[in-house]
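Letter by letter, the chains look like this.
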Amino acid sequence: MASIKKQTQVRLEEDVLAAGKAAAAARRLDFNKYVERLIIEDTTGARAAGMTAAQRLIDEHGAFLDDLEQQLHAPYADQRPGAAA
């Protein structure tokens, strides 16, 4: 059985709308589906669970990730604009 969708209207600042449409496009979603997912994630606790897991990852492995990032950027640190590679 297909669910019945209801239509609503939302007023957003122009820059907020543009950011939302860009985020939807980056996820290969239409804007309506993107907004629907945000609401579902927020109201079901899925977003909070994901944020908690991300924070736990940072807390447990943050120093390693920072070190890794520095190592990855090290070869480029001494390059100046216009300098030969």
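Parameters at a glance
- Residues numbered from 1 in each chain as written.
- Predicted model: local features only at pLDDT ≥ 70, side-chain atom pairs only at ≥ 80, totals over all residues.
- Heavy atoms only, no water.
- Helix = DSSP H or I, 4+ residues; strand = E, 2+ residues; numbered from the N terminus.
- Buried < 20%, exposed > 50% of the residue type's maximum accessible area, 1.4 Å probe, protein only.
- Areas by Shrake-Rupley, 256 points an atom, 1.4 Å probe, with all protein chains shown as cover.
- Expected span 1.5 Å × (residues − 1).
- Bend = angle between axes of the 7 residues up to and from the residue.
- Contact = heavy atoms within 4.5 Å.
- pLDDT = per-residue confidence, 0-100.
- Patch = residues over 30% accessible without salt bridge, like charges linked within 9 Å, V, L, I, M, F, W, Y side chains within 5 Å.
- Salt bridge = Lys/Arg side-chain N within 4 Å of Asp/Glu carboxyl O.

Draft legend 1. Spotlight on the overall build of the protein. Check the secondary structure of the protein and you find three helices and zero strands. Each helix and strand of the protein, placed in order from N terminus to C terminus, yields the pattern α-α-α. Within the protein, the proportion of its 85 residues that are buried is 7%. With an accessible surface of roughly 8100 Å², the protein has 55% of that area assigned to carbon and sulfur atoms.

Draft legend 2. Helix 3 (residues 46–73), seen in detail. Given a rise of 1.5 Å per residue, 28 residues ought to cover 40 Å, yet the end C-alpha atoms of helix 3 are separated by just 33 Å, more than 12% below that figure. Of all the bends in helix 3, the largest measures some 75° and sits at His61.

Draft legend 3. Quick look at helix 1 (residues 14–26). With 13 residues, helix 1 should reach 18 Å at 1.5 Å per residue; the first-to-last C-alpha distance of 18 Å fits that figure. Buried residues in helix 1 make contact with helix 2 (31–44). Positive backbone phi, approximately 55°, marks Arg28, located one or two places after helix 1.

Draft legend 4. Representation of the confidence of the model for the protein within the structure. Per-residue confidence for the protein gives a mean pLDDT of 88, with 89% of residues at or over 70. Considering each helix and strand of the protein separately, the mean pLDDT is smallest for helix 3, with a value of 89, and largest for helix 1, with 97.

Draft legend 5. Inspection of a nonpolar patch on the surface at higher detail. A surface patch of nonpolar side chains, about 480 Å² in accessible area, is lined by Leu57, Phe64, Leu65, Leu68 and Leu72. Residue Leu65 is classed as partly exposed on the basis of its relative accessible area of 36%.

Draft legend 6. Here's a closer look at the pattern of salt bridges. Here the structure, examined in full by the defined rule, presents two salt bridges. The closest approach of N and O atoms between Glu36 and Lys5, which form a salt bridge, is 3.1 Å. Linking Glu36 in helix 2 with Lys5 in the segment before helix 1, this pair joins segments that are 31 residues apart in sequence. By relative accessible area, which is 59% here, Lys5 ends up exposed.

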